[in-house]
Amino acid sequence: LKVIEMFRADSVLVVARLQEALADGNAEEVQQGAHRIKGALLTLGGKPAAEMAMRLEHMGRAGDLAERFE
């Protein structure tokens, strides 16, 4: 339960930063934020969401933020 509470508190900030980084086209920040959230999601067993975070992480690493998620 403590881990979930920590995730909830942290994820709000990380997702907000991710949204800002995407809007600003800041690939490095996207990569870092997505990596952080991916690790937390995998710890909690959220594999589908972690896979989406991994896609964002790869996009950030490649410097290509053009892909859109449907």
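The sections below set out a description of the structure shown in this document. (Residues numbered from 1 in each chain as written. Predicted model: local features only at pLDDT ≥ 70, side-chain atom pairs only at ≥ 80, totals over all residues. Heavy atoms only, no water.)

Turning our attention to the environment of Ala-27. Within the secondary structure layout, Ala-27 lies in helix H2 (residues 27-43). As for Ala-27 and Pro-48, which are separated by 21 residues in sequence, their C-alpha atoms are 22 Å apart. In this view, Ala-27 contacts Gly-60, Gly-63 and Leu-65; residues no more than four positions away in its chain are not counted. (Helix = DSSP H or I, 4+ residues; strand = E, 2+ residues; numbered from the N terminus. Contact = heavy atoms within 4.5 Å.)

Under the criterion given, the structure shown has three salt bridges. With a shortest N-O distance of 2.7 Å, Lys-38 and Glu-57 are connected by a salt bridge. With Lys-38 in helix H2 and Glu-57 in helix H3 (residues 47-62), this residue pair connects regions lying 19 residues apart in the sequence. No difference in accessibility class separates Lys-38 from Glu-57, as the two residues are buried. (Salt bridge = Lys/Arg side-chain N within 4 Å of Asp/Glu carboxyl O. Buried < 20%, exposed > 50% of the residue type's maximum accessible area, 1.4 Å probe, protein only.)

This brings us to the nonpolar core. Ranked by size, the top nonpolar core spans 14 residues in total, and within it Leu-18, Val-30, Ile-37, Leu-41, Leu-56 and Leu-65 carry the most contacts. Of all the secondary-structure elements, those providing two or more residues to this core are helix H1 (2-24), H2 and H3. The dominant element in this core, judged by the number of residues it contributes, is H2, at five residues. Non-local contacts of Leu-41, meaning those with residues more than four positions away in its chain, are made with Phe-7, Gly-46, Ala-49, Ala-50 and Ala-53. (Core = buried A, V, L, I, M, F, W, Y, C linked by side-chain atoms within 4.5 Å.)

Our focus in this paragraph is H2. With 17 residues, H2 ought to run about 24 Å at 1.5 Å a step, and its terminal C-alpha atoms sit 24 Å apart, in line with that. Looking only at H2, the buried set comprises Ala-27, Val-30, Gln-31, Gly-33, Ala-34, Ile-37, Lys-38 and Leu-41. Where H2 is buried, its residues meet H1 and H3. Phi for Gly-45, located one or two positions after H2, is positive at around 85 degrees. (Expected span 1.5 Å × (residues − 1).)

Moving on: H3. Along its 16 residues, H3 runs 22 Å from first to last C-alpha, staying within 8% of the 22 Å computed at 1.5 Å per residue. Buried-residue contacts for H3 involve H1 and H2. Phi turns positive one or two residues past the end of H3, at Gly-63, with a value near 75 degrees.

A few words on the packing of H1 against H2. Their axes nearest at 9 Å, the elements H1 and H2 cross at an angle of 155 degrees. Classed by the angle they form, the pair H1 and H2 counts as roughly antiparallel. Seen from above, H1 lies across H2 with left-handed handedness. Across the interface between the two elements, Phe-7, Asp-10, Ser-11, Val-14, Val-15, Arg-17, Leu-18, Ala-21 and Leu-22 from H1 touch Glu-29, Val-30, Gly-33, Ala-34, Arg-36, Ile-37, Ala-40 and Leu-41 from H2. Classifying every residue of the contact of H1 with H2 by side-chain character gives 11 nonpolar, two polar and four charged. (Axes fitted to C-alpha atoms, helices over the stretch in contact; angles between N-to-C directions. Parallel < 35°, antiparallel > 145°, perpendicular 65-115°, else oblique. Left-handed = near helix turned anticlockwise from the far one by under 90°. Nonpolar A, V, L, I, M, F, W, Y, C, P; charged D, E, K, R; others polar.)

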